[in-house]
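Listed below are the residues making up each chain.
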Amino acid sequence: MRKRETIISIRNLSIWFGKKQALNNVSLDLYDKEITAIIGASGCGKSTLLRSLNRMIDETAGVRIRKEGEIFFGGEDIMRKKDDIESIRARIGMVFQKPNPFQKSMYDNVAWVLKMHRFGETKRELDPLVERALKEAGLFNEIKDRLHENAYTLSGGQQQRLCIARAIAVKPEALLMDEPCSALDPIATAHIEDLIQKLKKEMAVIIVTHNIAQAARLSDRLVFMHFGEIIEKGRTKKIFSNPKDSRTQGYITGRFG
(Lines give C-alpha, C1' and ligand atoms only; values in the text may rest on other atoms or scores of the structure.)
Protein backbone atom coordinates (compact mmCIF):
# COMPACT_ATOMS: atom_id res chain seq x y z
CA MET A 1 0.00 0.00 0.00
CA ARG A 2 1.34 3.42 -1.00
CA LYS A 3 2.20 5.56 1.98
CA ARG A 4 0.12 8.71 2.26
CA GLU A 5 1.57 12.17 2.73
CA THR A 6 2.07 13.17 6.35
CA ILE A 7 -0.14 16.17 7.10
CA ILE A 8 0.42 16.61 10.86
CA SER A 9 3.46 15.46 12.85
CA ILE A 10 3.33 15.42 16.65
CA ARG A 11 6.64 15.18 18.50
CA ASN A 12 7.12 14.62 22.24
CA LEU A 13 3.88 16.35 23.17
CA SER A 14 3.11 16.65 26.89
CA ILE A 15 0.24 18.68 28.36
CA TRP A 16 -0.68 19.53 31.93
CA PHE A 17 -3.94 20.98 33.25
CA GLY A 18 -2.72 22.59 36.43
CA LYS A 19 -0.75 19.83 38.17
CA LYS A 20 -2.48 16.98 36.33
CA GLN A 21 -0.64 15.59 33.34
CA ALA A 22 -3.04 14.72 30.50
CA LEU A 23 -0.53 13.77 27.77
CA ASN A 24 2.90 12.23 28.28
CA ASN A 25 5.50 12.44 25.51
CA VAL A 26 3.14 11.67 22.61
CA SER A 27 4.58 11.33 19.10
CA LEU A 28 2.39 10.55 16.10
CA ASP A 29 2.12 11.15 12.36
CA LEU A 30 -1.28 11.75 10.77
CA TYR A 31 -1.79 11.18 7.07
CA ASP A 32 -3.68 12.91 4.27
CA LYS A 33 -6.75 11.18 2.84
CA GLU A 34 -6.90 8.64 5.65
CA ILE A 35 -9.15 8.17 8.67
CA THR A 36 -7.28 7.83 11.93
CA ALA A 37 -9.31 6.66 14.94
CA ILE A 38 -8.09 7.42 18.46
CA ILE A 39 -9.47 5.01 21.04
CA GLY A 40 -9.03 4.39 24.75
CA ALA A 41 -10.86 4.54 28.05
CA SER A 42 -12.40 7.75 29.36
CA GLY A 43 -9.76 10.13 30.67
CA CYS A 44 -6.90 8.60 28.69
CA GLY A 45 -6.12 11.83 26.81
CA LYS A 46 -7.90 11.22 23.49
CA SER A 47 -9.81 14.49 23.38
CA THR A 48 -6.87 16.44 24.78
CA LEU A 49 -4.71 15.16 21.95
CA LEU A 50 -7.40 15.92 19.36
CA ARG A 51 -8.00 19.45 20.63
CA SER A 52 -4.27 20.16 20.62
CA LEU A 53 -4.10 19.67 16.87
CA ASN A 54 -5.81 22.97 16.06
CA ARG A 55 -5.07 24.68 19.38
CA MET A 56 -8.64 24.33 20.67
CA ILE A 57 -6.98 23.17 23.88
CA ASP A 58 -6.14 26.85 24.46
CA GLU A 59 -9.85 27.57 24.97
CA THR A 60 -10.08 25.45 28.13
CA ALA A 61 -11.35 27.80 30.82
CA GLY A 62 -10.44 28.04 34.48
CA VAL A 63 -7.19 26.09 34.50
CA ARG A 64 -3.56 26.83 33.75
CA ILE A 65 -2.32 24.80 30.80
CA ARG A 66 1.34 23.93 30.32
CA LYS A 67 2.51 22.43 27.03
CA GLU A 68 5.74 20.91 25.84
CA GLY A 69 6.61 19.41 22.46
CA GLU A 70 5.88 20.23 18.84
CA ILE A 71 3.03 19.89 16.37
CA PHE A 72 4.14 20.45 12.79
CA PHE A 73 1.54 21.45 10.21
CA GLY A 74 2.12 23.27 6.94
CA GLY A 75 5.84 23.55 7.58
CA GLU A 76 5.60 25.24 10.98
CA ASP A 77 5.31 24.29 14.63
CA ILE A 78 1.81 25.48 15.48
CA MET A 79 2.52 25.08 19.19
CA ARG A 80 4.76 28.15 18.92
CA LYS A 81 2.33 30.21 16.85
CA LYS A 82 1.08 33.22 18.81
CA ASP A 83 -1.22 34.92 16.32
CA ASP A 84 -3.76 34.11 13.60
CA ILE A 85 -4.83 30.90 15.31
CA GLU A 86 -8.17 31.16 13.49
CA SER A 87 -6.40 30.44 10.20
CA ILE A 88 -5.13 27.16 11.67
CA ARG A 89 -8.66 26.28 12.79
CA ALA A 90 -9.93 26.94 9.28
CA ARG A 91 -7.30 24.59 7.82
CA ILE A 92 -7.84 22.01 10.58
CA GLY A 93 -11.59 22.02 11.16
CA MET A 94 -13.39 20.49 14.12
CA VAL A 95 -16.73 18.82 14.82
CA PHE A 96 -17.75 18.27 18.42
CA GLN A 97 -19.57 15.52 20.29
CA LYS A 98 -22.81 17.47 20.60
CA PRO A 99 -24.08 19.32 17.53
CA ASN A 100 -23.48 23.03 18.06
CA PRO A 101 -25.13 25.00 15.25
CA PHE A 102 -25.24 28.76 15.60
CA GLN A 103 -28.57 30.33 16.56
CA LYS A 104 -28.97 31.36 12.94
CA SER A 105 -30.58 30.04 9.79
CA MET A 106 -29.18 26.91 8.16
CA TYR A 107 -27.89 29.08 5.33
CA ASP A 108 -26.22 31.58 7.66
CA ASN A 109 -24.52 28.84 9.68
CA VAL A 110 -22.40 28.10 6.63
CA ALA A 111 -22.31 31.59 5.09
CA TRP A 112 -21.03 33.18 8.31
CA VAL A 113 -17.88 31.00 8.28
CA LEU A 114 -17.31 31.66 4.58
CA LYS A 115 -17.54 35.41 5.17
CA MET A 116 -15.29 35.29 8.23
CA HIS A 117 -12.55 33.63 6.21
CA ARG A 118 -13.13 35.89 3.19
CA PHE A 119 -14.40 33.26 0.78
CA GLY A 120 -17.16 35.62 -0.28
CA GLU A 121 -19.29 38.58 0.77
CA THR A 122 -22.29 38.92 -1.51
CA LYS A 123 -25.22 36.53 -1.83
CA ARG A 124 -24.16 35.86 -5.40
CA GLU A 125 -20.71 34.76 -4.20
CA LEU A 126 -21.95 32.84 -1.17
CA ASP A 127 -24.91 30.91 -2.62
CA PRO A 128 -22.87 28.37 -4.64
CA LEU A 129 -20.37 27.91 -1.81
CA VAL A 130 -23.09 27.26 0.77
CA GLU A 131 -24.82 24.83 -1.59
CA ARG A 132 -21.54 23.01 -2.29
CA ALA A 133 -20.79 22.57 1.42
CA LEU A 134 -24.30 21.33 2.19
CA LYS A 135 -24.16 18.88 -0.71
CA GLU A 136 -20.77 17.58 0.44
CA ALA A 137 -22.31 17.05 3.89
CA GLY A 138 -25.20 15.13 2.33
CA LEU A 139 -27.75 17.63 3.61
CA PHE A 140 -28.72 19.98 0.80
CA ASN A 141 -31.54 17.94 -0.73
CA GLU A 142 -33.19 17.53 2.68
CA ILE A 143 -33.25 21.24 3.52
CA LYS A 144 -33.04 23.16 0.21
CA ASP A 145 -36.62 24.44 0.55
CA ARG A 146 -36.12 25.82 4.06
CA LEU A 147 -32.54 27.11 4.12
CA HIS A 148 -33.57 30.29 5.89
CA GLU A 149 -35.27 28.56 8.82
CA ASN A 150 -33.47 28.34 12.17
CA ALA A 151 -30.92 25.54 12.35
CA TYR A 152 -32.48 24.30 15.59
CA THR A 153 -35.52 23.08 13.67
CA LEU A 154 -33.31 20.28 12.29
CA SER A 155 -33.04 16.82 13.87
CA GLY A 156 -29.91 15.99 15.86
CA GLY A 157 -28.34 14.09 12.99
CA GLN A 158 -29.10 16.89 10.54
CA GLN A 159 -27.65 19.44 12.95
CA GLN A 160 -24.44 17.43 13.10
CA ARG A 161 -24.25 17.29 9.31
CA LEU A 162 -24.82 21.06 9.23
CA CYS A 163 -21.88 21.47 11.62
CA ILE A 164 -19.80 19.29 9.30
CA ALA A 165 -20.88 21.44 6.33
CA ARG A 166 -19.81 24.53 8.28
CA ALA A 167 -16.41 22.99 9.01
CA ILE A 168 -15.71 21.83 5.46
CA ALA A 169 -17.05 24.94 3.70
CA VAL A 170 -13.61 26.59 3.88
CA LYS A 171 -11.90 23.49 2.41
CA PRO A 172 -9.80 22.34 5.40
CA GLU A 173 -6.85 20.01 4.97
CA ALA A 174 -7.85 17.99 8.04
CA LEU A 175 -11.04 17.47 10.02
CA LEU A 176 -11.06 16.62 13.73
CA MET A 177 -14.13 14.80 15.04
CA ASP A 178 -14.65 14.29 18.77
CA GLU A 179 -17.22 11.49 19.28
CA PRO A 180 -19.36 12.90 16.44
CA CYS A 181 -21.99 10.13 16.64
CA SER A 182 -22.29 9.57 20.37
CA ALA A 183 -25.46 11.67 20.72
CA LEU A 184 -27.11 10.24 17.58
CA ASP A 185 -29.44 7.33 16.83
CA PRO A 186 -28.26 4.41 14.63
CA ILE A 187 -29.74 5.83 11.41
CA ALA A 188 -28.14 9.25 11.92
CA THR A 189 -24.88 7.52 12.88
CA ALA A 190 -24.91 5.58 9.60
CA HIS A 191 -25.36 8.85 7.68
CA ILE A 192 -22.36 10.40 9.46
CA GLU A 193 -20.18 7.32 8.94
CA ASP A 194 -20.98 7.30 5.21
CA LEU A 195 -20.14 10.99 5.08
CA ILE A 196 -16.80 10.47 6.86
CA GLN A 197 -15.82 7.83 4.30
CA LYS A 198 -16.54 10.34 1.51
CA LEU A 199 -14.70 13.19 3.24
CA LYS A 200 -11.45 11.22 3.48
CA LYS A 201 -11.13 11.45 -0.30
CA GLU A 202 -10.47 15.17 0.17
CA MET A 203 -8.75 15.49 3.56
CA ALA A 204 -7.34 13.77 6.61
CA VAL A 205 -10.00 12.79 9.15
CA ILE A 206 -9.02 12.20 12.79
CA ILE A 207 -11.82 10.83 14.94
CA VAL A 208 -12.02 10.13 18.66
CA THR A 209 -14.49 7.36 19.42
CA HIS A 210 -15.48 5.08 22.29
CA ASN A 211 -17.19 2.81 19.77
CA ILE A 212 -14.73 0.01 18.98
CA ALA A 213 -16.89 -1.34 16.17
CA GLN A 214 -17.05 2.11 14.62
CA ALA A 215 -13.25 2.45 14.77
CA ALA A 216 -12.91 -0.94 13.06
CA ARG A 217 -15.44 -0.03 10.36
CA LEU A 218 -14.20 3.44 9.56
CA SER A 219 -10.52 3.86 10.17
CA ASP A 220 -7.41 3.18 8.14
CA ARG A 221 -5.15 3.70 11.14
CA LEU A 222 -5.73 3.19 14.84
CA VAL A 223 -4.18 4.86 17.88
CA PHE A 224 -4.75 3.27 21.29
CA MET A 225 -4.14 5.52 24.30
CA HIS A 226 -3.86 4.68 27.99
CA PHE A 227 -3.19 7.13 30.83
CA GLY A 228 -1.98 9.90 28.53
CA GLU A 229 0.36 7.75 26.47
CA ILE A 230 0.14 6.07 23.08
CA ILE A 231 0.38 2.35 23.71
CA GLU A 232 -0.04 1.18 20.13
CA LYS A 233 -0.52 2.73 16.70
CA GLY A 234 -0.64 1.37 13.17
CA ARG A 235 -2.92 -0.01 10.50
CA THR A 236 -6.36 -0.73 11.94
CA LYS A 237 -6.70 -4.22 10.45
CA LYS A 238 -3.29 -5.23 11.74
CA ILE A 239 -3.96 -4.01 15.29
CA PHE A 240 -7.37 -5.68 15.47
CA SER A 241 -6.03 -8.96 14.11
CA ASN A 242 -2.72 -9.02 15.97
CA PRO A 243 -2.22 -6.35 18.67
CA LYS A 244 1.32 -6.17 20.03
CA ASP A 245 0.42 -5.01 23.55
CA SER A 246 -1.77 -6.93 25.98
CA ARG A 247 -3.47 -3.68 27.03
CA THR A 248 -4.57 -3.09 23.45
CA GLN A 249 -5.89 -6.64 23.28
CA GLY A 250 -7.78 -6.14 26.52
CA TYR A 251 -9.38 -2.90 25.37
CA ILE A 252 -10.49 -3.95 21.90
CA THR A 253 -11.94 -7.19 23.23
CA GLY A 254 -13.84 -5.37 25.98
CA ARG A 255 -11.98 -6.83 28.95
CA PHE A 256 -11.34 -3.34 30.29
CA GLY A 257 -12.22 0.26 29.49
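Above this note sits the structure.
Calculation notes
- Residue positions within a chain follow its written sequence, with the count starting from 1.
- Per-residue local features are limited, in this predicted model, to residues with pLDDT of at least 70; the limit for side-chain atom pairs, both in listing and counting, is 80 or more; totals at the level of whole chains, interfaces and linings are taken over all residues.
- In computing side-chain values, all of the structure's heavy atoms are included and hydrogens and water are not.
- For two strands to count as paired, DSSP must find a minimum of two bridges between them.
- Only runs of H or I of at least four residues qualify as helices and only runs of E of at least two qualify as strands under DSSP, and these elements are numbered from the N terminus.
- One less than the number of residues in a helix, times 1.5 Å, gives the span that helix is expected to have.
- Buried means the residue's accessible area, taken with a 1.4 Å probe over protein chains only, is under 20% of the maximum for its type, while exposed means over 50%, and partly exposed covers the values in between.
- Working definition: the arc comes from the directions between the helix axis and the C-beta atoms, pointing outward to the latter.
- By definition in these notes, contact holds between two residues if any of their heavy atoms fall within 4.5 Å.
- Ring pairs shown here join Phe, Tyr and Trp side chains whose ring centres sit within 6.5 Å, with only the six-membered ring taken for Trp; geometry is labelled stacked below 30 degrees between planes, edge-to-face above 60, and tilted in between.
- Any Lys NZ or Arg CZ that is within 6 Å of a ring centre and within 35 degrees of that ring's normal is treated as a charge sitting over the ring.

Take the sheet that holds strand β2 (residues 20-31) next. The four strands lie next to each other as β2-β1-β4-β5, forming an open sheet whose pairing is antiparallel. Strands with a single pairing partner mark the edges of an open sheet, and in this sheet they are β2 and β5 (76-77). Note that strand β4 (residues 65-73) and β5 share two bridges and pair antiparallel. Each bridged residue has a counterpart across the sheet, and for Phe72 the counterpart in β5 is Asp77.

Next up on the list: helix α4 (residues 123-136). Its 14 residues place the ends of α4 20 Å apart at the C-alpha level, agreeing with the 20 Å of an ideal helix rising 1.5 Å per residue. Those residues of α4 that fall on the buried side of the exposure criterion are Leu126, Leu129, Val130, Ala133 and Leu134. Down the axis of α4, the smallest arc covering the buried residues is 135°, so these residues share one side. Looking at the buried side of α4, the elements it contacts are α3 (106-116), α5 (140-143) and α6 (156-168). Positive backbone phi, approximately 65°, marks Gly138, located one or two places after α4.

Within this structure, the stated rule accounts for two aromatic pairs. Between Phe102 and Trp112, the aromatic rings sit 5.1 Å apart at their centres with planes inclined by 75°, giving edge-to-face as the arrangement. Residue Phe102 is located in the loop between β6 (92-95) and α3, and its partner Trp112 is located in helix α3; the two are separated by 10 residues in the primary sequence. Trp112 sits in the partly exposed class, given a relative accessible area of 36%. Residue placement shows Arg66 over the ring face of Trp16; its charged tip is 3.8 Å from the ring centre. When the ring centre of Phe102 is taken as origin, the NZ or CZ atom of Arg166, which lies over that ring, is 4.0 Å away.

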